[in-house]
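Topology and contacts: notes
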Amino acid sequence: MKYKYKKQLTKIKRIFQNPGDFKYLSVNKKVKQSGILLVIHESQELGASILALHIAEELKHQGVDVYIVSRQFGVMNEKYNKVASLQIALTTRSYEGICHNLYKKGYRKALMITASNGDLVEITKKCGFKVVSMIHELEQVIKMLHLEDATRDMLVYSDKILFSTSIAKNQILSLCKVCDSQKISIKPQGTYLKKPASEEIKRQREKIAEAYPVLDCGKKVIAGVGNTTERKGFDIFLRTAALIPECEFIWAGKKENYYDEAIEKNGNPSNFIFLGLLNAEQLSGVYSLADIYLMCSRFDTLPSTILEALLFSTPVIGAKNSGGIVDIIDSDNGFLTETADSKQFAEAIKVGLTRNYKIEEIDGSFAEYVAYVLSLYEDE
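The model shown is predicted, which means the values in this text are computed figures rather than measured ones. (Residues numbered from 1 in each chain as written. Predicted model: local features only at pLDDT ≥ 70, side-chain atom pairs only at ≥ 80, totals over all residues. Heavy atoms only, no water.)

**Thoughts on the overall build of the protein chain**
- Per the secondary structure count, the protein chain includes 15 helices and 13 strands.
- Computed over C-alpha atoms, the radius of gyration of the protein chain comes to 21 Å, within 12% of the 21 Å expected from 2.2 N^0.38 for 380 residues, which places it in the range of a compact globule.
- Overall, the C-alpha framework of the protein chain stretches about 65 × 45 × 45 Å when taken along its three principal axes.
- Looking at the protein chain as a whole, 53% of its 380 residues qualify as buried. (Helix = DSSP H or I, 4+ residues; strand = E, 2+ residues; numbered from the N terminus. Rg over C-alpha atoms; globule rule 2.2 N^0.38 Å. Buried < 20%, exposed > 50% of the residue type's maximum accessible area, 1.4 Å probe, protein only.)

**Some points on the sheet that holds strand β7 (residues 184-186)**
- Taking strand neighbours across the sheet as the criterion, the seven strands line up as β3-β2-β1-β4-β5-β6-β7 in an open arrangement whose pairing is parallel. A single partner strand is all that each edge strand has here, and the edge strands are β3 (85-88) and β7. On average, each strand axis in the sheet is inclined to that of its neighbour by 20°, with strand direction left out of account.
- In terms of strand pairing, strand β2 (residues 66-70) meets β3 through four bridges, oriented parallel. (Pairing = 2+ DSSP bridges. Axes fitted to C-alpha atoms, helices over the stretch in contact; angles between N-to-C directions.)

**A look at the pairing of strand β1 (residues 36-40)**
- Most of β1 sits inside the fold, with five of its five residues counted as buried.
- By the alternation rule, side chains of β1 split into I36, L38 and I40 and L37 and V39, which are all buried.
- As judged from the five bridges shared by β1 and β2, these two strands associate in the parallel manner. In the strand pairing of β2, L38 is matched with I68.
- Of the crossover connections in this fold, the one passing from β1 over helix α2 (residues 47-61) to the parallel β2 is right-handed. (Right-handed = clockwise from strand over helix to strand, strands pointing away.)

**Details of the sheet that holds strand β10 (residues 272-276)**
- Pairing is parallel across the open sheet formed by six strands, whose spatial order is β10-β9-β8-β11-β12-β13. Looking along the sheet, the strands with just one partner apiece sit at the ends: β10 and β13 (334-337). On average, each strand axis in the sheet is inclined to that of its neighbour by 25°, with strand direction left out of account.
- When strand β8 (residues 221-225) meets strand β11 (residues 292-294), the two strands line up parallel, connected through two bridges. In the strand pairing of β11, A223 is matched with Y293.
- Its contacts with the sheet put helix α12 (residues 280-289) on β8, β9 (248-252), β10 and β11, and the angle it makes with β8 is roughly 140°. (Contact = heavy atoms within 4.5 Å.)

**Looking at the pairing of β9**
- Among the five residues that make up β9, five are buried, leaving the element largely enclosed by the rest of the structure.
- Burial along β9 is two-sided: E248, I250 and A252 and F249 and W251, pointing in opposite directions, are all buried.
- Note: β8 against β9, five bridges, orientation parallel. Residue V221 lies in a different strand from β9, and its bridge partner there is E248.
- Running through helix α10 (residues 234-243), the crossover from β8 to the neighbouring parallel element β9 is right-handed.
- Relative to β10, β9 is paired through four bridges, and the arrangement is parallel.

**So, the state of the cysteines**
- Applying the stated rule across the entire model yields zero disulfides.
- Here C179 stays unpaired: no disulfide links it, and the sulfur of C176, its closest cysteine neighbor, is 12 Å away.
- According to the relative accessible area criterion, C179 is exposed, its value standing at 65%.
- C296 takes part in no disulfide bond, and the closest cysteine sulfur, belonging to C247, lies 13 Å away. (Disulfide = S-S within 2.5 Å.)

In structure tokens form, the structure reads like this:
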């Protein structure tokens, strides 16, 4: 009950923060005669919302019209609306009305992104849609967000369920006490980051080095990318930096409230540089500059940053127990510690800097991933 109250307060907070989103409560008149209903539970600059945006872009690129339904006001809604028709559904009743309207227009397919939308799957099915659902969360997140019932509903009522890693699938099926079946599949999403031309990568790298001359002094560089949260292990990154003063540690990402708390508790190492939130081109400079990408997440299903780092032939260090990283990283492209621990990471970095890696491009592009999603709607 306490969490449900907090969830409602967050929804209200988002409304006051984004008053311009009221226009998205009405039916979007640009809706085409058929396409895919894409449902996302939030509109913040977080992994699931960003993924939803890129899926919508790729679907459009592949000739499929998209109608996006967001369940919150938020900064991503304007970006969604530039790509596809958008409508906000703040209540289950309003969402059901959207489904009925789209069905009349000829829509028959729905794509639910994250288990947070599990409570809408049965409604969507009753409105006549074939539902493909993506579950990105690990067990810890499902429990933390009290999504057990929603996740179980998603598993039961969806026509097809897609996981990005085997560890996520095994954890969620076990948690929800649901048996494996042919309607469940696994496919890594690939990376939607477009690698710029070599000249642009060089330019971005030089811009970062120019802004922070210490990065151009021959020291090894360890990079981290993500929002500065406890789940992403921002505090662990700081402690690891303090253990290896001979290396420079750089972090790119949105500064969350936890940033100040982590700095106050762990200190601000002299060899740590916070770059702030960067765009794709700027991130290419970060990955190119880094000798090692350190993923400090305590738990993360399959962060796209791992795939992005490998795209730039940057070896990855992370923890075995953090999630889907175990499906991607091995001795050829990085190193896995037992747990997300600063001492273990520090030792892994020291060893990792002396190794020669054989980093190969990860199989499967983002376009292929979206094409695979579309194939799930085909009748068996």
